[in-house]
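# Fold and contact review
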Amino acid sequence: MDDTDATLPAPDTPPSNEPRTPAPVPAKPGYAILDGTVLLALLGTCAGVYYTVGNIGFSAIVGAAAGLYGTWRNRR
């Protein structure tokens, strides 16, 4: 027979009355300035290509810019 069989278990600690606060949610990094810079660079590039090509390539230019910017935003 061990001493552990004869030993009483420790009493439960009473619950605290302190209010529980949720753990803070980590903030996502803000890329607003970088996103704006990339968007303006894409628009400037598109404007330069449109000026060079003319009306013929307008839909291709807009589609390429939308695809590039969408890829930029979804990557993160």
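What comes next is a walk through the structure. (Residues numbered from 1 in each chain as written. Predicted model: local features only at pLDDT ≥ 70, side-chain atom pairs only at ≥ 80, totals over all residues. Heavy atoms only, no water.)

### Notes on the overall build of the protein chain
Rule in force here: What counts as a helix is a DSSP run of H or I of at least four residues, what counts as a strand is a run of E of at least two, and both are numbered from the N terminus. Buried means the residue's accessible area, taken with a 1.4 Å probe over protein chains only, is under 20% of the maximum for its type, while exposed means over 50%, and partly exposed covers the values in between. Every accessible area reported is derived by Shrake-Rupley at a probe size of 1.4 Å, with residue values counting cover from the shown protein chains alone.
Scanning the protein chain from terminus to terminus reveals three helices and zero strands. Its helices and strands in sequence order give the protein chain the pattern α-α-α, from N to C terminus. For the protein chain, the residues scored as buried account for 11% of the 76 residues in total. As presented, the protein chain carries roughly 7,100 Å² of accessible surface, and 65% of it is formed by carbon and sulfur atoms.

### Describing helix H3 (residues 58-74)
Filter applied, for reference: Expected helix span is taken as 1.5 Å per residue step, with the number of steps being one fewer than the number of residues. In this description, one arc is meant: the one made by directions from the helix axis to the C-beta atoms. Working rule for contacts: check all heavy atoms of both residues, and any pair within 4.5 Å makes them a contact.
Between its terminal C-alpha atoms H3 stretches 24 Å, which fits the 24 Å expected from 17 residues at 1.5 Å a residue. Along H3, the residues classified as buried are Ile61, Ala65 and Trp72. For H3, the arc enclosing every buried residue in end-on projection is 30°, short of the 170-degree limit, so these residues lie on one face. Those residues of H3 that are exposed and aimed more than 90 degrees away from the buried face are Ser59, Ala60, Ala66, Thr71 and Asn74. For H3, the secondary structure elements touched by its buried residues are helix H2 (32-53).

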